[in-house]
Amino acid sequence: MAKFLVAVAATAASMVSASLGDPWMYTLTGACDAQNDVNGMTFVKQGNTLSGAPYYKALSAERYVYHDPDCEDGMPRWVIDVSRPDVNKTHDLDGDGNCDYIGRIDSRDTTHPPTSGEWTMLCEDG
């Protein structure tokens, strides 16, 4: 896993959701070359997981952004994954038991994904 900087642009659906502090759309930028397919990918809010955290699905692919309170290593984080989160589980929301995903950023904040930061992502060396 390598580190990369990602900017996440949040767009509010309406004045109501913006005033509630619950943006419903994110666009990812800044991924490494090996994960370039997520650059510019827009994610739209689909609902909430059991913890109350929102989860998002990409408009153009089967990619998801969600908060996993514990994917079996004890660390809460936001992840970018190819698996839809199981909204009825308390941890390891993709059910793989391996903490296997496209990228992650450790965070205890369940309100929304960070709007910028350094994510750890599976990237090729070189």
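Along each chain, residues carry numbers from 1 onward, in the same order as the chain's sequence is written. Reporting in this predicted model follows two pLDDT cut-offs: at least 70 for local features of residues, and 80 or more for side-chain atom pairs to be given and counted; totals over whole chains, interfaces and linings ignore these cut-offs and use all residues. Side-chain calculation: all heavy atoms of the structure are included, whereas hydrogens and water are not.

A.B. asks: Can you help me understand the overall build of the chain in this one?
C.D. replies: Here a strand is any run of E in DSSP of at least two residues, a helix any run of H or I of at least four, and the numbering for each starts at the N terminus. Each helix and strand counted, the chain has one helix and eight strands in total. Ordered by position from N to C terminus, the α and β elements of the chain give β-α-β-β-β-β-β-β-β. When a residue's accessible area, from a 1.4 Å probe over protein chains only, is under 20% of the maximum for its type it is buried; when over 50% it is exposed; and in between it is partly exposed. In the chain, which comprises 126 residues, the share counted as buried stands at 41%. Throughout, a contact is declared for two residues whenever any of their heavy atoms are within 4.5 Å. The long-range fraction of contacts in the chain, counting pairs at least 24 apart against all pairs at least 6 apart in sequence, stands at 44%.

A.B. asks: How do you make sense of the nonpolar core when you look at a structure like this?
C.D. replies: Soluble globular proteins tend to bury their nonpolar side chains together. Only buried Ala, Val, Leu, Ile, Met, Phe, Trp, Tyr and Cys residues count toward a nonpolar core, and they belong to the same one when joined by side-chain atoms within 4.5 Å. Within the largest apolar cluster, 18 residues are counted, with the highest numbers of intra-cluster contacts made by Val38, Phe43, Tyr56, Val65, Trp78, Ile80 and Met121. Elements supplying a minimum of two residues to this core: strand 2 (25-29), strand 4 (54-58), strand 6 (77-81) and strand 8 (116-121). When residues no more than four places from it in sequence are discounted, the contact partners of phenylalanine 43 are Trp24, Met25, Tyr26, Leu28, Tyr56, Lys57, Ala58, Arg63, Tyr64, Val65 and Ile80.

A.B. asks: I keep staring at the side chain of arginine 77 and nothing clicks. Help me out?
C.D. replies: Here arginine 77 lies in strand 6. Looking at arginine 77, the relative accessible area reads 3%, which means it is buried. Once residues within four sequence positions are removed from consideration, arginine 77 is found in contact with Tyr66, His67, Asp68, Cys71, Cys99, Tyr101, Arg104, Ile105, Asp106 and Ser107.

A.B. asks: What exactly am I supposed to notice about the environment of serine 116 here?
C.D. replies: Tracing the chain through its elements places serine 116 in strand 8. Taking the C-alpha atoms as reference points, serine 116 and threonine 29, 87 residues apart in sequence, are found 9.6 Å from one another.

By themselves, these are just geometric observations and shouldn't be taken as functional.
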